[in-house]
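Architecture and fold: a report
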Amino acid sequence: MPSTTFAALGVPAAVASRLEQRGITTPFPIQAATLPDALAGRDVCGKAPTGSGKTLAFGIPLVTRTSKAQPRHPRGLVLVPTRELANQVSEELIALAGPKGARVMTVFGGVGFGGQIQALRRGVDILVACPGRLADLVRQGEVRLDAVEVVVLDEADRMADMGFLPEVRRLLDTVRPDRQTLLFSATLDGDVDVLIRHYQKQPVRHEIAVEQDAPQNRHVFWRAERSERLELTIPVVNAEWPAIVFTRTKHGADRLAKQLNKSGVASVAIHGDRSQAQRERALAAFTNGKAQVLVATDVAARGIHVDAVACVVHYDPPADEKDYTHRSGRTGRAGAAGVVLSLIAMEQHKGVKLMQRKLGLPVGIDHPDMATFSTAGARPTPPVLAQEPTPTHAPRQHRPSAPSTQQRPRRPQVQGRGKAPSRRGGR
Ligand code: ADP
Ligand code: MG
């Protein structure tokens, strides 16, 4: 398909020029496919892999098609599975809407009700919400959804996996029936299909093949018993960072972050038991390069969109091939190449080979070989080890001897920050 422009897809000039200021000039495939229908007011369901640009695909119609809201009666609603995703989506919407545009607010649990209630009373045009907290606020009478004109269900498959569907359905039942509903998901079958059938009106379906999920990524599988994993991970994340390392449990995440810090690898952990502030600090340390490794559990990592992650390590195995793809999609985002390493114990070999077959990857598990990772020439100097007693907190000070930006070949960026100096396009 020849590349098009946002303007040619019907995006208003003001929005297109704000995108251009951030270096976003060429629509990604899912955006080119869905924007004309979504901007025309049709229901759309879009299936596309992680990192394919779904946020703009719904964000542009949302800021374009919602009007000014009365207090406690938002006009636009985005339902998301995690608080991190809520923050990232709202940052993107704020950037899209511009300084005089829609008032956007996030609503999620783990923080006080006061600020959210106050803002709702002043008036919020577009609400980005996790289902549980939004349902609480609806029950308290602080917000009503009967004026919502556009609903977005983002990462619908993840909301289903996390058990949010009953709540999502109850919420959608209170939205006016003549609204527009946009649904985005990595899969459109099973529970998500039920949502589509019940809550969308003759939706236009657009699917972007999973093969586009960072086809440039390298997938490496090593034989490693549990006790060998730490020693194997250290040189890998020193060669390829920023890196996200996945563990199965919250406890495992904390322990590994501690062990890595002890070994001189600046690391932070993120998982569901951390407070919102702790999670944000950890994510900030990772995105600004003070920590070279983010240790995460599956649930905590959902919705974390950090660009330029060089490497993903499956320290504990993923639950299934869907989780493998989701975890691995944290690297290789927006067209850059990444490495995905899995550490496989003997008793997991059979299951892993089955998964490799399902995913169309070469079948086999290799003996560890660091040569796989020795990038010819300059190897970046990793950040200085954080001197804090608790490795799961973001290091507060930056040592003067920390590497300069030039030494760092890549610097991760959270999406949606208008300040980001360069965005990679060219897909
Ligand atoms: P998804 O929700 O599909 O996982 P995102 O919406 O988070 O993907 O987008 C992934 C990254 O790609 C973000 O950093 C985003 O800013 C960037 N991006 C999205 N669309 C474009 C585009 N058309 N050109 C350049 N970068 C883009
Ligand atoms: Mg997304």
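Scope of this entry: the structure provided in the associated data block. (Residues numbered from 1 in each chain as written. Chains lettered and ligands numbered in written order. Predicted model: local features only at pLDDT ≥ 70, side-chain atom pairs only at ≥ 80, totals over all residues. Heavy atoms only, no water.)

Here we look at the nonpolar core
Grouped together as the largest cluster of nonpolar side chains are 38 residues, with contacts concentrated most on Ile 60, Val 78 and Leu 93. Residue assignment for this core shows that the elements contributing at least two residues are helix 1 (13-21), helix 2 (29-39), helix 3 (54-65), helix 4 (83-97), strand 4 (126-129), strand 5 (150-153) and strand 6 (180-185). Aside from chain neighbours lying at most four places away, what touches Leu 93 is Gly 59, Leu 62, Val 63, Val 78, Val 104, Ile 126 and Val 128. Counting 33 residues, the second-largest nonpolar core is a separate cluster that includes Val 107, Val 124, Leu 134 and Val 192. (Core = buried A, V, L, I, M, F, W, Y, C linked by side-chain atoms within 4.5 Å. Buried < 20%, exposed > 50% of the residue type's maximum accessible area, 1.4 Å probe, protein only. Helix = DSSP H or I, 4+ residues; strand = E, 2+ residues; numbered from the N terminus. Contact = heavy atoms within 4.5 Å.)

Some remarks on the pattern of salt bridges
In this structure the tally under the stated criterion is 21 salt bridges. Residue Arg 158 pairs with Asp 323 through a salt bridge whose shortest N-O separation is 3.3 Å. Here Arg 158, found in helix 7 (residues 156-161), pairs with Asp 323, found in helix 14 (residues 321-328); they are 165 residues apart in sequence, far enough to count as distant. Exposure remark for Asp 323: the relative accessible area of 12% places this residue in the buried category. Measuring nitrogen to oxygen at the nearest pair gives 3.6 Å for the salt bridge that ties Lys 358 to Glu 321. (Salt bridge = Lys/Arg side-chain N within 4 Å of Asp/Glu carboxyl O.)

Considering the sheet that holds strand 7 (residues 204-207)
With parallel pairing, the 7 strands of this open sheet are ordered in space as 3-4-2-5-6-1-7. Each having just a single partner strand, strand 3 (104-107) and strand 7 make up the two edges of the open sheet. Shown here is a sheet whose adjacent strand axes are inclined to one another by a mean of 15°, direction ignored. Of the strand pairs in this sheet, strand 2 (residues 76-79) and strand 5 are connected by 4 bridges, and their pairing is parallel. Within strand 5, the residue paired with Gly 76 across the bridge is Val 150. The strands that helix 9 (residues 190-199) touches are strand 1 (44-47), strand 5, strand 6 and strand 7; relative to strand 6, the one it contacts most, it runs at about 170°. (Pairing = 2+ DSSP bridges. Axes fitted to C-alpha atoms, helices over the stretch in contact; angles between N-to-C directions.)

Side note on the pairing of strand 11 (residues 293-296)
Where burial is concerned, the two faces of strand 11 agree: the one with Val 293 and Val 295 and the one with Leu 294 and Ala 296 are both buried. One ladder, built from 4 bridges, connects strand 10 (residues 267-270) with strand 11; its direction is parallel. By the bridge assignment for strand 11, Ser 267 is matched with Val 293. With respect to chirality, the unit in which strand 10 leads through helix 12 (residues 276-287) into the neighbouring parallel strand 11 is right-handed. (Right-handed = clockwise from strand over helix to strand, strands pointing away.)

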